[in-house]
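# Topology and contacts: notes
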Amino acid sequence: MKVPPTASARVPFPGLDRAANAVPPLAWFGVSALSRYLGPAFAVLLFPVVGVLGIAWFRIATAALFFAPITRPWRTLREADGRTRLLLLGLGACLAAMNMAFYLALERLPMSLVAAMEFLGTLIIALHGLRTVRNLLALALAAFGVVLLIDVTWASDPLGLFWAALNAALFAGYIVLGHRAAEAGAGGGVERLGAAMAIAFVLLMPVGVVEAARAFGMPLIVLAGIGVGLTSSVIPYVCDQLAMARLPRASFALLLALLPATAAVIGAVVLVQIPGLGDVLAIALVMAGIALHRPAAT
């Protein structure tokens, strides 16, 4: 499914509009991939103090409060038609559940494995829109690399596997719903993202605020939680919208193969989860698949 060329012009902020047109969409995706796992890597270090669900709350709360004065989600929801409201409700619910599942999986499994499971959830999306032998080969290379990244030892933790699988399914849902939000009607994907974040915040409030409240008397921990939210949700999701507005859904889904490699590198640097020789080979295959892929012709 090809996004209309004018999709990026729907971003309602002139600065973002100019940036979306001036910067290649692959660059936006690269920033998103790096930030998406840098934040969670630091979040893991906060688990003993704030708790897993508390960190999930900080992530969504920070994003919702950041977007609220800029995107005015109440206005977006008020002016939207019924179909758009359902889209935003679905995207908000997906974001809330996905963040909880992601951190519950990250508590039990290495980051590279959780990221690999995330990518596997998007393979069908990528395959659906691919039309050339070159892109099918790119998908096969990337998929094989992801399979190598998944160490069989994760099977000894079925609960961790459950959360990782649920996160992968929800991540695929985020790609579909986020892409629709990026290309639908006037107002722009970033504006709709702000509304979806507000919905996610409301849904997650009763689940995570109790654990998060333990940190309210510790200013440095609160600032660290805010930093996790900015690097995990604000930066990557905005970059996702700017990339989605200019890339076909299948191309964006295949580029997500970069995520396991990114997670493996960040996990090694921040969490000292050092990849072995097989992991390095797997990352190389993922990168080869990304390099081989070409978006479908307009």
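Cut-off values and rules
All residue numbers refer to position in the chain's written sequence, counted from 1. This being a predicted model, a pLDDT of at least 70 is required before a residue's local features are given, and a value of 80 or more before pairs of side-chain atoms are given or counted; all residues contribute to the totals for chains, interfaces and linings. Note that the side-chain values use all heavy atoms of the structure and ignore hydrogens as well as water. Helix and strand assignments come from DSSP, with helices taken as H or I runs of at least 4 residues and strands as E runs of at least 2, each series counted from the N terminus. Exposure is judged per residue with a 1.4 Å probe applied to protein chains only, and the accessible area is read against the type maximum: over 50% gives exposed, under 20% gives buried, and values in between give partly exposed. Two residues form a contact once any of their heavy atoms are found within 4.5 Å. Accessible surface area values rest on a Shrake-Rupley calculation with a 1.4 Å probe, where residue burial reflects the displayed protein chains alone. By the criterion applied in these results, polar contacts are pairs of N or O atoms within 3.5 Å in which, for protein atoms, one can donate a hydrogen and the other can accept it, and in which residues neighboring in sequence qualify only through two side-chain atoms. Inter-axis angles, ranging from 0 to 180 degrees, are taken between N-to-C directions of lines fitted to C-alpha atoms, where helices are fitted over the stretch in contact. By the definition adopted for this analysis, an angle is roughly parallel if under 35 degrees, roughly antiparallel if over 145, roughly perpendicular if from 65 to 115, and oblique otherwise. Crossing handedness is read from the near helix: turned anticlockwise from the far helix by less than a right angle, it gives a left-handed crossing, and turned clockwise, a right-handed one. pLDDT measures how confident the predictor is about each residue, on a scale from 0 to 100. Definition of nonpolar core: a set of buried residues of the types Ala, Val, Leu, Ile, Met, Phe, Trp, Tyr and Cys, connected through side-chain atoms within 4.5 Å.

## Some remarks on the overall build of the chain
Assigned secondary structure in the chain consists of 14 helices and zero strands. Burial status across the chain gives 54% buried among its 298 residues. Considering only residue pairs separated by 6 or more positions, the chain has 88% of its internal contacts joining residues 24 or more positions apart. Of the roughly 12400 Å² of accessible surface on the chain, a fraction of 73% belongs to carbon and sulfur atoms.

## Let's talk about the environment of Ser232
In this structure, Ser232 sits in helix H11 (residues 219-244). Residue Ser232 is classed as buried on the basis of its relative accessible area, which comes to 0%. Sequence separation between Ser232 and Phe42 is 190 residues, and the spatial gap between their C-alpha atoms is 9.9 Å. If we ignore the near neighbours within four places in the chain, the residues touching Ser232 are Ser35, Gly39, Pro40, Arg59, Tyr103 and Tyr237. A distance of 2.7 Å separates a polar side-chain atom of Ser232 from the backbone oxygen of Val228.

## Considerations on the packing of helix H2 (residues 25-50) against H11
Where H2 contacts H11, the two axes come as close as 8 Å, and the packing angle between them is 155°. Classified by the interaxial angle, the pair formed by H2 and H11 is roughly antiparallel. Every pair of crossing elements has a handedness; the one defined by H2 and H11 is left-handed.

## Here we look at the side chain of Ser35
Residue position: Ser35 is located in helix H2. Among residues more than four places away in sequence, those in contact with Ser35 are Pro40, Thr231, Ser232, Ile235 and Pro236.

## A look at the side chain of Ser233
You can see Ser233 is positioned in helix H11. Of the polar contacts made by the side chain of Ser233, one reaches the side chain of Arg59; its length is 2.8 Å. Setting aside residues up to four positions removed in sequence, Ser233 forms contacts with Arg59, Ala63, Asn99, Met197, Val228 and Val238.

## Here we look at the confidence of the model for the chain
When the pLDDT values of the chain are averaged, the result is 78; 80% of them are 70 or greater. Model confidence for the chain, summarised as mean pLDDT per element, is weakest for helix H1 (residues 14-22) at 61 and strongest for helix H5 (residues 82-106) at 92. Note on residues 1-12: pLDDT is under 50 here. Beyond four places in sequence and across chains, it has 34 contacts.

## Quick word on the nonpolar core
Grouped together as the largest cluster of nonpolar side chains are 80 residues, with contacts concentrated most on Leu95, Tyr103, Tyr174 and Met197. With near-sequence residues (within four places) excluded, Tyr103 lies in contact with Pro40, Ala43, Phe47, Val52, Ile55, Ala56, Arg59, Val228 and Ser232.

## Here we look at unusual backbone geometry
Unlike most non-glycine residues, Arg72 shows phi in positive territory, near 50°. In this structure, Arg72 sits in the loop between helix H3 (52-71) and helix H4 (73-79). Classification of Arg72 as partly exposed rests on a relative accessible area of 42%.

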